Amino acid sequence: TPKELTQVKDYVSKHYAGINPEFYGKAKGKNVIVLHLESFQQMSIDRRINGQEVTPFLNSIYHDQGTIAFDNFFNQVGQGKTSDAENMLETSTFGLPQGSLFSKLGNDQTFQAMPGILQQRAGYSSAVFHGNQGTFWNRNNVYKHMGYQNWISSDYFDSTGKKATTWGLKDKLLFRDSVPYLELLQQPFYAKYLTVTNHTPFTLDRADLDPEFVTSDTGSTLVDNYFVTNHYLDEAVKEFFTYLKKSGLYDNTMVVMYGDHYGIPNTDAKYLASVLGKDSDKWGDLDNANLQRVPFIVHIPGMKKGYIDHQFGGEIDVAPTIEHLLGISTKSYIQLGQDLLSKDRSNVVAFRNKDWITPTYASLSGRYWSVKTNEIIVKPSASLQKKFDDIQSSVNKKLAMSDNLNQKNLLRFYTPKKFKPIDADKFNYSKIAT
Ligand code: GP9
Ligand code: MN
């Protein structure tokens, strides 16, 4: 065993946060549908514009008794954007400090990822649905190495004429046209939908607009259009839920929804001030960091134990959370995240650029902030400085462990208990595997 692998393994077992017995196995045996809500930020949840909810359907799920939602959940992506989010959710390891892990390493990386784990531990079939080309972010290769049985990309859909935006098939059509394939999957299945319509520049044909919804007038067209495509995304998800209920799949499916990263870049973020009831003249780095919150919503029909959880976490924590809800122990896996439902987890959120945020403090672009008062801490006391240094070194260490693991492909030297290495060659995405 290479020494570096031992270091990562020791680090991971030292930071294993355990399970929460109240929720462990709550969704055992259910289908899992992950809805990747492109560029969708937490600030849009429960947001009203001109008196109207931007995302009424998502809000209703967010507050539903069968839903556990997190309102301090941060995206942790780097330059790999969507692909970094996917990598974190599937593997509980970070993307790379530069570039996209999918693109740079995805041709022969050893992954111990959700589709493989769920298949081997609980007999799940798997599929990804996406309205863009299969080659984007090197998904054609990456998904095979992750153990995805099906990759239903634009090859499978008619996206001619007005059926697509720049980023591919419009979301409502993606959901609708995916159904014949979804229904071929053996249950239980693990299915991921990557939506695209709520992607910058947030443009949409007039025919797709809800004439009832009047968007903001902030001075930034990007911001105003963002809420319009948010609203479209909300309608698309609603239509999909209607299908799930009608088909009967709903009762036996856990639906996980998350936003992958911001839609509004920092250059436009201050135009959100009026919408958020803030002062745009006082807009600063902490305001931008606060906007890195994205939704993380777990909907388990019939659970009735739902609540909104306020603790701090992020995308790195998703895989163990889902696995534990399915009653799959993660003890033998190399994962850098911690179950969001565990009581013994850390509340430090590491951003990919080594900045960090906790419920009380943040370190952003070389400055410390008080999260509660939204002020810069100019001269921290010696003891506070010590605390910041400790947090920083824990953040650096976590990222370094992930980078070492991924850049040196160390998982090829480690096969967890109950895991068989994935044979990428056995997957063929030109036909459906059930
Ligand atoms: C492309 C889509 C967008 O297929 O997933 O990726 P992004 O630009 O957000 O990284
Ligand atoms: Mn994205």
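Residues numbered from 1 in each chain as written. Chains lettered and ligands numbered in written order. Predicted model: local features only at pLDDT ≥ 70, side-chain atom pairs only at ≥ 80, totals over all residues. Heavy atoms only, no water.

Trainee: Let's hear about the site of ligand 1: which residues, and what values?
Mentor: Every residue near ligand 1 is listed here: Glu 38, Lys 81, Thr 82, His 130, Asn 132, Phe 136, Trp 137, Arg 139, His 199 and His 261. Measuring from an oxygen atom of ligand 1, one finds a side-chain N or O atom of Arg 139 at 2.8 Å. Between ligand 1 and His 261 there is a distance of 3.1 Å, counted from an oxygen atom to a side-chain nitrogen or oxygen. Within the complex, 95% of the 310 Å² of free accessible area of ligand 1 lies under protein. Looking at side-chain class alone, the shell around ligand 1 contains two nonpolar, five polar and three charged residues. (Near = heavy atom within 4 Å. Polar contact = N/O pair within 3.5 Å; in protein donor to acceptor, adjacent residues only side chain to side chain. Areas by Shrake-Rupley, 256 points an atom, 1.4 Å probe, with all protein chains shown as cover. Nonpolar A, V, L, I, M, F, W, Y, C, P; charged D, E, K, R; others polar.)

Trainee: Quick rundown of the packing of aromatic side chains? Include the residues and the values.
Mentor: Throughout the structure, instances matching the rule amount to 26 aromatic pairs. Consider the rings of Phe 136 and Trp 137, whose centres lie 5.8 Å apart with planes at 90 degrees: the pair is edge-to-face. Their ring planes at 55 degrees and their centres at 4.9 Å tell us that Tyr 193 and Phe 240 sit as a pair that is tilted. Here the residue Tyr 193 occupies a position in strand β10 (residues 189-194), and Phe 240 occupies one in helix α8 (residues 221-247), the gap between them amounting to 47 residues. Residue class for Phe 240 comes out buried when judged on its relative accessible area of 1%. Pairwise contacts between aromatic rings join Phe 102, Tyr 143, Tyr 148, Trp 151 and Tyr 190 into one cluster. Above the plane of the ring of Tyr 429 lies Lys 144, whose end atom (NZ or CZ) is 5.5 Å from the centre. A cation over an aromatic ring shows up here: Lys 305 above the ring of Phe 23, its NZ or CZ 5.5 Å from the ring centre. (Phe/Tyr/Trp six-rings, centres within 6.5 Å; stacked < 30°, edge-to-face > 60°. Helix = DSSP H or I, 4+ residues; strand = E, 2+ residues; numbered from the N terminus. Buried < 20%, exposed > 50% of the residue type's maximum accessible area, 1.4 Å probe, protein only. Lys NZ or Arg CZ within 6 Å of the ring centre and 35° of its normal.)

Trainee: Pulling in residues and values, what's your account of the UniProt feature "binding site: substrate" (unreviewed entry) in the chain?
Mentor: When the UniProt feature table is mapped onto this chain numbering, "binding site: substrate" (unreviewed entry) sits at His 199. By the element assignment, His 199 lies in the loop between β10 and α8. For His 199, a relative accessible area of 16% gives the class buried. Apart from the residues within four sequence positions on either side, His 199 is in contact with Glu 38, Ser 39 and Trp 167. A polar contact of 3.0 Å, which involves the side chain of His 199, links it to the side chain of Trp 167. (UniProt positions renumbered as here; feature names shortened; annotations may be inferred. Contact = heavy atoms within 4.5 Å.)

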